[in-house]
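Take a look at the letters that make up each chain.
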4 protein chains.
Amino acid sequence: MPDRMPSNPIPPFEDAVYKRSWKNQLRVIIFEADTFWGKFFDIALLVTILLSVFVVMLESVKEIGQSYGWQLKVLEWVFTVLFTLEYIARIVIVKKKWSYVSSFFGIVDLLSILPTYLSIVFTGTQSLVVLRSLRLLRVFRVLKLARYLTEATNLKAAMAASKIKIFVFIGTVFISVVIMGTLMYLIEGGTNGFTSIPRSIYWAIVTLTTVGYGDIAPQTVIGQMMASVIMIMGYGIIAVPTGIVSAEMVRKAPNREISTTSCSHCNRDGHDYDAEFCKYCGKSLDS
Amino acid sequence: MPDRMPSNPIPPFEDAVYKRSWKNQLRVIIFEADTFWGKFFDIALLVTILLSVFVVMLESVKEIGQSYGWQLKVLEWVFTVLFTLEYIARIVIVKKKWSYVSSFFGIVDLLSILPTYLSIVFTGTQSLVVLRSLRLLRVFRVLKLARYLTEATNLKAAMAASKIKIFVFIGTVFISVVIMGTLMYLIEGGTNGFTSIPRSIYWAIVTLTTVGYGDIAPQTVIGQMMASVIMIMGYGIIAVPTGIVSAEMVRKAPNREISTTSCSHCNRDGHDYDAEFCKYCGKSLDS
Amino acid sequence: MPDRMPSNPIPPFEDAVYKRSWKNQLRVIIFEADTFWGKFFDIALLVTILLSVFVVMLESVKEIGQSYGWQLKVLEWVFTVLFTLEYIARIVIVKKKWSYVSSFFGIVDLLSILPTYLSIVFTGTQSLVVLRSLRLLRVFRVLKLARYLTEATNLKAAMAASKIKIFVFIGTVFISVVIMGTLMYLIEGGTNGFTSIPRSIYWAIVTLTTVGYGDIAPQTVIGQMMASVIMIMGYGIIAVPTGIVSAEMVRKAPNREISTTSCSHCNRDGHDYDAEFCKYCGKSLDS
Amino acid sequence: MPDRMPSNPIPPFEDAVYKRSWKNQLRVIIFEADTFWGKFFDIALLVTILLSVFVVMLESVKEIGQSYGWQLKVLEWVFTVLFTLEYIARIVIVKKKWSYVSSFFGIVDLLSILPTYLSIVFTGTQSLVVLRSLRLLRVFRVLKLARYLTEATNLKAAMAASKIKIFVFIGTVFISVVIMGTLMYLIEGGTNGFTSIPRSIYWAIVTLTTVGYGDIAPQTVIGQMMASVIMIMGYGIIAVPTGIVSAEMVRKAPNREISTTSCSHCNRDGHDYDAEFCKYCGKSLDS
């Protein structure tokens, strides 16, 4: 809830946007989430996105698709027209049009309406409208964006710091599954589902990640011994990404208690417990 | 064992409750676990709950259900009557009746007897009596409650501190499985078990969490490549909740035991437990 | 290699045991691993145990069991007689006989020979000789026992410190799988493998631990939604034991750099980097 | 990009190698990755390795192998001849020939060409050329090798520090699966896929590592109870390697960035990066 709302819960529309031009008013509503109507628009949008994704899902279920086919079709078109209007509105009101269109959300917004129009010409493309669910990422704007962005920046920094570790990890996994898959192809001799090397590599990934579908499984004694080695390796390897993420999170976490004392002179805080003088202005922290 | 029990192991009943009114006496026994009889009651209750849950389980096994049908039925009703009496007793003796009835344990206590009575009218509801197992949470009262509550509070604080991280994590997983499920539905073309989008999303969850039943599994080459990507993603994503919990637990854990002794000479602390002399001024810590 | 071996690699037998009584000599060889012959005996024992376990395994493989039946039988009896002699020797030479017989290794030593003798009377008990593999734990004596014991003590202390956390964790898992299993039994209506509550609970454990055999798998839409919830729960719950163990290991790890300076006065070390005076004797660390 | 390249992107060949003997020139190109042509050679080599591994994979897919059989065969021989020439070149130009031939990469280089030649005499060996993918490890030389080596050294140190923990862990897992596998063999009585002890041990590994193929799964009530115990154990045991790696990585990670600046007045350090005044004596850190 914005601070500038003193008494009435739903402020008059003009009040909320401070008599700006209609373009500016729309911009505040559509692109921001700090005013009442801006928040209202974003939440309504999220609900609409969820509903439209749900409609596409229902349509794919055969029994429902056959019974309520045209009703779902109509709903789907209603949603698409709504999202198209929103997309046009966004382009119209934004100043740097190209920077919106080529931004991540600009592309996602386009991708979320395109499949329905394409489905007139090509069949099968329609299911792609679930790409719409990517639009749900807008939810982060409704929440306290700033805090989320800080988290994301932290995560990005953590990823960057662990870049080599991650690269070495993925490289090792890649080389391991290629070699193991091929060995299993040779051991099982093209039978028991190990019909080709790519398929055997697929099995090695299924096993190493401890997913284990069981559609392909070794039957020979040597194959099962080899598989046991892969499983125990996978059991151990999973510790590596976990360790990397844990270490980064521990490092980021304030595992150092910081004194709540603030300097009586410059009013800044964040001092250590053993600090006797302000580290910003040099005055004594006691006086 | 309470402290106030000097010599005889089973104290006279009146002694244990200190000549209070019968309501008060019952209240101490039923709602508390610090006196001998209070503890006795709680442990007896836990055993009874376990037995009654066990009876319901046995009844659901066809061979046993058919051979010992009426005996189990009788037992089930005996337990229900016992629990009903207990529920009535709790309502009668408690002062703030509504606050008990509407509390978590009040609702669980009601839910644990209701299904049996409902089974006279509706069939099938009877198995719901295993909700009784929720009553086993009372076990924490028999243990040192205080310590457990501290743990729970710590956990709650940790959860609150990681709220955004958890929200972002679940949101990402949700959007990922929706998009991946739909892509697999398109790739596998409604065959090999990927008969609808919801079912494909179910498969994506089964795969991402590394459960991997194998009742639905991709058969096309592109499908298996896509599945490989999901598996390795899932393998990496599992590191995130683990990292969050680890980091919180590391943060809460006392990093190093430090003596609270401070030097009587220079008044500085932070000494190890095995320190005999002040590490700052060199005077003995004992004097 | 013991320190007291100056020149010849295999010392004369009498030399190694220093002319003690034959009982003492045997005791040093059988119960200790610091002398050459003591180490030799322990390693020979470990190899024999591995071989005997291997023989039992081979015997259970039908094709091998039928082809080499009596040869394996003879080997099995040879091993059993050897282990019996060793067991008797241990009882004879040890001073506190009962404390050995009732110790963990005493019981394991008995259990490793008993099944073969019992197999004369009862059939099927013979496979139990693989309990012999428990004897392999003796390997820790050949390695630097002291260091291993420190590790074990650390682990035990860590477990004790996390006792409540572990208890709460297992309790929560137990109550969760009972309730989820029953709900799935009701949802799937006794079909698709969910034929009884215990079996459904078994399925819930298979799913929550992300093992996922797939022999039992939900087929109804509500069942699959329920299963998805359990999987994501399991995905998150696995973070708890991992977090507990990680936190304990981080806590135990020397995550504090300790100065290598040792006091010039009392020669003790383990001082902090900022220490100016020895914390044991109070003299200056600089002089 | 090397520092010594002032203006033109592709330096004249002779310039890059500074008029050394042709052997030296080749050595710098083939064995090093700091000059332009050295880097170019290594990247071209990596692409060629990837392509040749890809060709072998395609050949194993029946449909492709039958349609494009001889084209793939030709490609395979082209790659093999290229790699053979490279192998010979390496031997010729290197000074300590034997130390290259017997090094890890020397052996891998030989193994990557041998299978094709062997496939003239023996059938089936050809698939072993995917061992070529091990050559991809050369990628680490193209990247900043020094940094990678530091990572690897850290990892090695971490492994060495955790050696006993890892040994105890693998030993415990080994003994556990042997005993559990045998118990399951006895419980399920040689049916439901538990046809021998080695096969039952294989099942125990599949279950403990939470892979869970489902090709072998217990059907008896006691078997399923036993399996539940193994699964929950496996769920807990996975925490151990994760905890070890996490603890090591946390320990290695710089807990908090601390400025190396020391106060010019009192000479004490340990100041934060944003500190402007000494926290001990209050003087400015700049002067």
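Residues numbered from 1 in each chain as written. Chains lettered and ligands numbered in written order. Predicted model: local features only at pLDDT ≥ 70, side-chain atom pairs only at ≥ 80, totals over all residues. Heavy atoms only, no water.

**Q** Talk me through the overall build of chain A; I want residue IDs and the actual numbers.
**A** Assigned secondary structure in chain A consists of 14 helices and zero strands. Going from the N terminus to the C terminus, chain A shows its helices and strands as α-α-α-α-α-α-α-α-α-α-α-α-α-α. Here chain A holds 287 residues, and 46% of them are scored as buried. A separation threshold of at least 6 residues defines the contact pool for chain A, and within that pool the share at least 24 residues apart is 51%. Working note: accessible area of chain A is about 14600 Å², and carbon and sulfur atoms make up 68% of it. (Helix = DSSP H or I, 4+ residues; strand = E, 2+ residues; numbered from the N terminus. Buried < 20%, exposed > 50% of the residue type's maximum accessible area, 1.4 Å probe, protein only. Contact = heavy atoms within 4.5 Å. Areas by Shrake-Rupley, 256 points an atom, 1.4 Å probe, with all protein chains shown as cover.)

**Q** Hey, could you go over a nonpolar patch on the surface for me, with residue numbers and the actual values?
**A** Residue and element names in this part refer to chain C. Residues V81, L85, I107, L110, L111, L114, Y117, L118, I120, V121 and F122 make up a contiguous nonpolar surface patch of roughly 960 Å² in combined accessible area. Listed by contribution, the elements that provide at least two residues to the nonpolar patch are helix 5 (69–93), helix 7 (104–111) and helix 8 (114–121). No other element matches the five residues that helix 8 contributes to the nonpolar patch. Tracing the backbone through its elements, the reader meets L118 in helix 8. Judged by relative accessible area, which is 34%, L118 ranks as partly exposed. (Patch = residues over 30% accessible without salt bridge, like charges linked within 9 Å, V, L, I, M, F, W, Y side chains within 5 Å. Salt bridge = Lys/Arg side-chain N within 4 Å of Asp/Glu carboxyl O.)

**Q** Now, about the confidence of the model for chain A: what can you tell me, with residues and values included?
**A** All names here are of chain A. Taken residue by residue, chain A gives an average pLDDT of 76. The fraction at 70 or more is 70%. Here helix 1 (residues 13–17) is the element of chain A with the lowest mean pLDDT, 47, and helix 12 (residues 197–208) is the one with the highest, 90. Taken as a whole, residues 1–9 scores under 50 in pLDDT and shows eight contacts with residues more than four places along the chain or in a different chain. Here residues 254–258 is modelled with pLDDT under 50, and outside its nearest four sequence neighbours on either side it reaches 11 contacts, counting other chains as well. In the model output, the complex is listed with pTM 0.77 alongside ipTM 0.74. (pLDDT = per-residue confidence, 0-100.)

**Q** Please provide a residue-by-residue account of the packing of aromatic side chains, values included.
**A** Any two aromatic rings considered together are summarised by their centre-to-centre distance and by the angle between their planes. Scanning all chains against the criterion turns up 28 aromatic pairs over all chains. Pairing B:Y87 with B:Y100 gives two aromatic rings, centres 6.2 Å apart and planes at 45 degrees, and the pair type is tilted. Placement of B:Y87 in helix 5 (residues 69–93) and of B:Y100 in helix 6 (residues 97–101) is noted, with a sequence separation of 13 residues between them. Judged by relative accessible area, B:Y100 falls into the buried class, the value being 6%. With a centroid separation of 5.3 Å and 90 degrees between ring planes, the pair formed by D:F36 and D:W37 is classed as edge-to-face. In this structure D:W37 comes out as partly exposed when scored by relative accessible area, which is 23%. Site record: aromatic cluster; members linked through ring pairs are A:F36, A:W37 and A:F40. (Phe/Tyr/Trp six-rings, centres within 6.5 Å; stacked < 30°, edge-to-face > 60°.)

**Q** Account for the side chain of D:S246, naming residues and giving values.
**A** Along the chain, the position of D:S246 falls in helix 14 (residues 239–252). Setting aside its immediate chain neighbours within four residues, D:S246 contacts A:T242, A:G243, A:S246 and C:S246.

**Q** A description of the environment of C:T191 should follow, citing residues and the corresponding values.
**A** Residue and element names in this part refer to chain C. Within the secondary structure layout, T191 lies in the loop between helix 11 (163–188) and helix 12 (197–208). With a relative accessible area of 41%, T191 lands in the partly exposed category. Taking the C-alpha atoms as reference points, T191 and T220, 29 residues apart in sequence, are found 10.0 Å from one another.

**Q** Can you explain the pattern of salt bridges? Please cite residues and give values.
**A** Residue and element names in this part refer to chain A. Across all of its chains, the model carries 12 salt bridges over all chains by this definition. Between R90 and E86 there is a salt bridge, and its shortest N-O distance comes to 2.7 Å. Of the two residues, R90 and E86 both sit in helix 5 (residues 69–93), four residues apart, roughly one turn of that helix. On the accessibility criterion, R90 (1% relative accessible area) is buried. With a relative accessible area of 8%, E86 lands in the buried category. Among the ionic contacts, a cluster of salt bridges with common partners joins E86, R90 and D109.

**Q** Describe the nonpolar core, listing the residues and the values that go with them.
**A** In terms of nonpolar packing, the biggest core is built from 195 residues, with A:W203, B:W203, C:W203 and D:W203 touching the most fellow members. Not counting residues within four places of it along the chain, the set of residues in contact with B:W203 comprises A:Y213, B:M184, B:F194, B:I216, B:A217, B:P218, B:A227 and B:I230. Formed by 16 residues, the second largest nonpolar core is a distinct cluster that contains A:I244, B:A247, C:V250 and D:A247. (Core = buried A, V, L, I, M, F, W, Y, C linked by side-chain atoms within 4.5 Å.)

**Q** Can you lay out the environment of B:S67 for me, pointing to particular residues and giving the numbers?
**A** Note that B:S67 resides in helix 4 (residues 62–67). A distance of 2.9 Å separates the side chain of B:S67 from the backbone oxygen of B:E63, its partner in a polar contact. (Polar contact = N/O pair within 3.5 Å; in protein donor to acceptor, adjacent residues only side chain to side chain.)

**Q** Explain the packing of helix 11 (residues 163–188) of chain B against helix 13 (residues 221–237) of chain B to me, and be specific about the residues and the numbers.
**A** All names here are of chain B. The contact between helix 11 and helix 13 brings their axes to 10 Å, and the two run at 170 degrees. With respect to their mutual orientation, helix 11 and helix 13 come out roughly antiparallel. Judged by residue contacts, F169, V173, S176, M180, L183, M184, I187 and E188 of helix 11 engage I222, G223, M226, I230, M233 and I237 from helix 13. Among the residues making up the contact of helix 11 with helix 13, the classes are represented as 11 nonpolar, two polar and one charged. (Axes fitted to C-alpha atoms, helices over the stretch in contact; angles between N-to-C directions. Parallel < 35°, antiparallel > 145°, perpendicular 65-115°, else oblique. Nonpolar A, V, L, I, M, F, W, Y, C, P; charged D, E, K, R; others polar.)

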